[in-house]
Amino acid sequence: MTWCEVPGWLIGNEAIANYGCRMFGGLAVTLQLVAISVSLGAAMALLLALVRLYGGKVASTLVGGYTTFFRGTPLLCQLYLVYYGAGQFRPFLTDIGLWTLFRDAFFCAAFTFTLNTAAYQAEIFRGAIQSVGRGQWEAARALGLHWRGILRHIILPQAAMVALRPLGNELVIMVKSSAVASLVTIFDLMGTTRLAFARSFDLTVYLFAAVLYLCIVEVIRRTWDVAERRLTRHLQAG
Amino acid sequence: MDSYLTLLSFGDRGWGDELASGALVTIALALATLPFGLALGLVVALLKRSSSAALRAVGTVYTTVFRGLPELLTLYIVYFGLQLGMQHAWKTLGFSGNLEMPAFVAGMIALGLVLAAFSSEVWVGALNAIPKGQREGAYALGLTRGLAFRLVVMPQLLRVALPGLGNNWMVLLKETSLISVIALPDLMYWTGRANIVTKEPFLFFGAACLIYLVFSLISSAGLQALERRTNRGVAHNAGAGR
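On a predicted model such as this, the values are computed, not experimentally measured, just so you know.

Digging into the overall build of chain A
Now for step 1: When you go through chain A residue by residue, the secondary structure sums to 11 helices and 0 strands.
Now for step 2: Seen in sequence order, chain A has helices and strands lined up from the N terminus as α-α-α-α-α-α-α-α-α-α-α.
Now for step 3: Split into buried and exposed, the 238 residues of chain A put 46% on the buried side.
Now for step 4: Residue pairs at least 24 apart in sequence account for 72% of intrachain contacts in chain A once pairs closer than 6 positions are excluded.
Now for step 5: Counting only carbon and sulfur atoms, one obtains 64% of the accessible surface of chain A, whose full area is about 12,200 Å².
Now for step 6: Across chain A, the centroid of the 20 positively charged side chains sits 11 Å from that of the 12 negatively charged ones.

What follows is the structure, encoded as structure tokens:
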């Protein structure tokens with residue numbers, strides 16, 4: 001017996017014992033998918049936020065349109081648009097050598113989730129950067145710092161504190177939303193659970209998946225509490 | 001280009017009327033879920049502020065669970081769970097045959113449970129924002145607890161809670177798209193059908209995205225107007241630039 005069969009054996013449920021290993025494998029896929037898209041999305045979002053704030057009128061409007069689109073439409077619809085829509089552009093995608101990527105469901109999901117979370121995170125970063133007082137810019141410029149230095153050493157560290165909590169929420173939302181990946185043939189936690197239910201007709205597998213999702217969310221929440229205490233330790237009394 | 005317009009047109013050869021009927025189902029589902037979810041959310045919020053530790057625990061566990069679960073999973077659990085439960089009850093009562101769970105009701109319950117968890121947080125915040133003196137003053141005037149809540153707390157509550165609840169609405173509107181997986185003929189469902197028949201995924205999913213986007217934009221404009229209206233009696237808020 002391997003470790004992943006233990007939970008099902010412990011609660012004496014045959015379906016969970018049989019599909020436990022697949023479901024833990026699915027959990028790993030979910031975590032990969034979320035880790036890839038949230039981290040790539042964060043890098044993209046920072047760029048988008050800076051363009052939105054300091055990039056001039058045209059670029060700023062374009063970024064605004066981008067965020068409005070991705071925040072105003074369902075993730076499921078975006079995923080279908082990319083996953084099914086890419087097939088229509090096959091000759092073009094083959095020409096530029098990207099078809100092998102877009103043929104893969106995992107890539108399509110990671111791609112869509114990245115674009116989606118980048119839009120949400122861009123708004124978080126924008127709000128956080130704007131929350132840093134004007135005086136900070138002026139004082140830094142008076143000290144002769146270059147604008148890149150000001151951003152890196154003065155503005156972003158202070159913005160990070162404000163952005164931390166909403167970023168944690170966004171991470172939790174992505175863990176939950178990533179379940180729609182199961183609808184485009186990906187065997188993430190949700191996908192493996194659907195498979196287990198379709199074969200066993202035992203509703204307990206869904207409840208087991210629910211416990212696993214709640215565990216991930218709880219771990220993120222606790223980690224974030226620790227990170228927040230650390231980032232704000234200079235503001236705490238004593 | 002012409003053929004695209006034909007595909008999106010109303011009538012036998014186009015999918016416009018199907019998409020429109022799907023969009024109506026989407027809106028109907030969101031509107032039907034809203035009062036149920038908000039009312040349940042208020043109840044959960046009152047539980048979380050209750051003086052009894054047991055009731056507070058119930059409220060906290062409720063929000064932790066339904067805020068932490070993927071909406072898709074909640075939907076499956078509600079849909080299949082109710083289905084099995086109903087069939088079990090049906091057999092126990094001595095009837096034969098199968099009882100089907102209507103997808104619309106399952107969707108309404110699942111989305112309502114999730115909305116209740118998220119909106120309860122907004123309600124708690126709003127309840128905390130109303131000074132205790134308001135309630136004490138109402139009691140001093142001889143109002144009962146129920147009347148004080150309805151006539152004094154509630155009107156102020158709505159104004160404070162509106163931005164948060166508006167956010168909840170925008171999220172709900174997008175979450176309705178998940179209902180297509182249990183075969184409710186909503187916008188997403190008809191878009192999927194059109195894609196299978198016409199092999200024009202980019203056109204149809206693009207159109208669906210734009211329809212959702214229009215709903216979102218209309219909602220956010222409507223909410224802004226509503227916020228201005230609820231704030232009209234509050235001088236310093238009405239003037240604040242938004």
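Quick word on a nonpolar patch on the surface
Now for step 1: On the surface, a cluster of nonpolar side chains totalling about 530 Å² of accessible area is made up of Phe89, Phe92, Ile96, Leu98 and Leu101 of chain A together with Phe202 of chain B.
Now for step 2: Looking at the secondary structure, you find Phe202 of chain B in helix H9 (residues 201-230).
Now for step 3: Overall, the relative accessible area of 39% leaves Phe202 of chain B in the partly exposed class.

Examining the domain arrangement of chain B
Residues and elements named next belong to chain B.
Now for step 1: Annotation of chain B at the domain level lists domain 1 (32-184) and domain 2 (185-231).
Now for step 2: Centre-to-centre separation of domain 1 and domain 2, based on C-alpha positions: 24 Å.
Now for step 3: Domain 1 puts 12 residues into the contact, and the matching count from domain 2 is 14 residues.
Now for step 4: Interface area, domain 1 with domain 2, both sides summed: about 1,200 Å², of which 72% is carbon and sulfur.
Now for step 5: Ranking the residues of domain 1 by area buried against domain 2 places Leu162, Met170 and Leu184 at the top, with a combined share of 38%.
Now for step 6: The interface formed by domain 1 and domain 2 holds 0 salt bridges in total.

Notes on the interface of chain A and chain B
Now for step 1: Counting from both sides, the interface comprises 33 residues of chain A and, opposite them, 36 residues of chain B.
Now for step 2: Carbon and sulfur atoms make up 79% of the area that chain A and chain B hide from each other, which totals about 2,900 Å².
Now for step 3: It is Leu81, Gln88 and Lys176 of chain A that lose the most area in chain A upon contact with chain B, and together they represent 20% of the buried surface on that side.
Now for step 4: With a closest N to O distance of 3.2 Å, Glu71 of chain B and Lys176 of chain A form a salt bridge.

Structural notes on the packing of helix H2 (residues 14-54) of chain A against helix H9 (residues 147-177) of chain A
Residue and element names in this part refer to chain A.
Now for step 1: Orientation of H2 relative to H9, taken along the N-to-C sense of each, is 140°, at an axis distance of 12 Å. On the basis of their axis angle, the class for H2 and H9 is oblique. The chirality of how H2 crosses H9 is right-handed. When H2 is examined against H9, the residues Val34, Ser37, Val38, Leu46 and Leu50 are found in contact with a partner set consisting of Leu151, Leu156, Leu171, Met174 and Val175.
Now for step 2: Residue composition of the contact of H2 with H9, by class: 9 nonpolar, 1 polar and no charged.

What about the packing of aromatic side chains?
Now for step 1: On inspection of all chains with the given rule, the structure shows 23 aromatic pairs over all chains.
Now for step 2: Consider the rings of Tyr83 of chain A and Tyr84 of chain A, whose centres lie 5.0 Å apart with planes at 70°: the pair is edge-to-face.
Now for step 3: Judged by relative accessible area, which is 21%, Tyr83 of chain A ranks as partly exposed.
Now for step 4: On the basis of relative accessible area, Tyr84 of chain A is assigned to the partly exposed category, the value being 33%.
Now for step 5: Between the aromatic rings of Tyr189 of chain B and Trp190 of chain B, the centroid separation amounts to 5.6 Å while the plane-to-plane angle is 80°, which identifies the pairing as edge-to-face.
Now for step 6: Residue class for Tyr189 of chain B comes out partly exposed when judged on its relative accessible area of 24%.
Now for step 7: Three or more aromatic residues joined by ring pairs form one cluster here, namely Phe197, Phe201 and Tyr206 of chain A together with Tyr76, Tyr79 and Phe80 of chain B.
Now for step 8: Geometry around Trp147 of chain A places Arg148 of chain A over its ring, the cationic atom sitting 5.8 Å from the centre.

A look at the confidence of the model for chain B
All names here are of chain B.
Now for step 1: Mean pLDDT over chain B works out to 90, with 96% of the residues at or above the 70 mark.
Now for step 2: The weakest mean pLDDT in chain B belongs to helix H10 (residues 235-238) at 53; the strongest belongs to helix H3 (residues 53-68) at 96.
Now for step 3: Considering only residues more than four positions removed or in separate chains, one finds that residues 237-242, a stretch of pLDDT under 50, has 5 contacts.

A look at the UniProt feature "domain: ABC transmembrane type-1" (unreviewed entry) in chain B
Now for step 1: Per the UniProt entry, the sites bearing "domain: ABC transmembrane type-1" (unreviewed entry) are residues 23-223 of chain B in this numbering.
Now for step 2: Segment residues 23-223 of chain B splits into 83% helix and 0% strand. End C-alpha atoms: 20 Å apart.

What counts and how
Residues numbered from 1 in each chain as written. Chains lettered and ligands numbered in written order. Predicted model: local features only at pLDDT ≥ 70, side-chain atom pairs only at ≥ 80, totals over all residues. Heavy atoms only, no water. Helix = DSSP H or I, 4+ residues; strand = E, 2+ residues; numbered from the N terminus. Buried < 20%, exposed > 50% of the residue type's maximum accessible area, 1.4 Å probe, protein only. Contact = heavy atoms within 4.5 Å. Areas by Shrake-Rupley, 256 points an atom, 1.4 Å probe, with all protein chains shown as cover. Lys, Arg positive; Asp, Glu negative; His and termini not counted. Charge placed at Lys NZ, Arg CZ, Asp CG, Glu CD. Patch = residues over 30% accessible without salt bridge, like charges linked within 9 Å, V, L, I, M, F, W, Y side chains within 5 Å. Salt bridge = Lys/Arg side-chain N within 4 Å of Asp/Glu carboxyl O. Domains from an automatic or database assignment. Buried area = accessible area lost by both parts, 1.4 Å probe. Axes fitted to C-alpha atoms, helices over the stretch in contact; angles between N-to-C directions. Parallel < 35°, antiparallel > 145°, perpendicular 65-115°, else oblique. Left-handed = near helix turned anticlockwise from the far one by under 90°. Nonpolar A, V, L, I, M, F, W, Y, C, P; charged D, E, K, R; others polar. Phe/Tyr/Trp six-rings, centres within 6.5 Å; stacked < 30°, edge-to-face > 60°. Lys NZ or Arg CZ within 6 Å of the ring centre and 35° of its normal. pLDDT = per-residue confidence, 0-100. UniProt positions renumbered as here; feature names shortened; annotations may be inferred.

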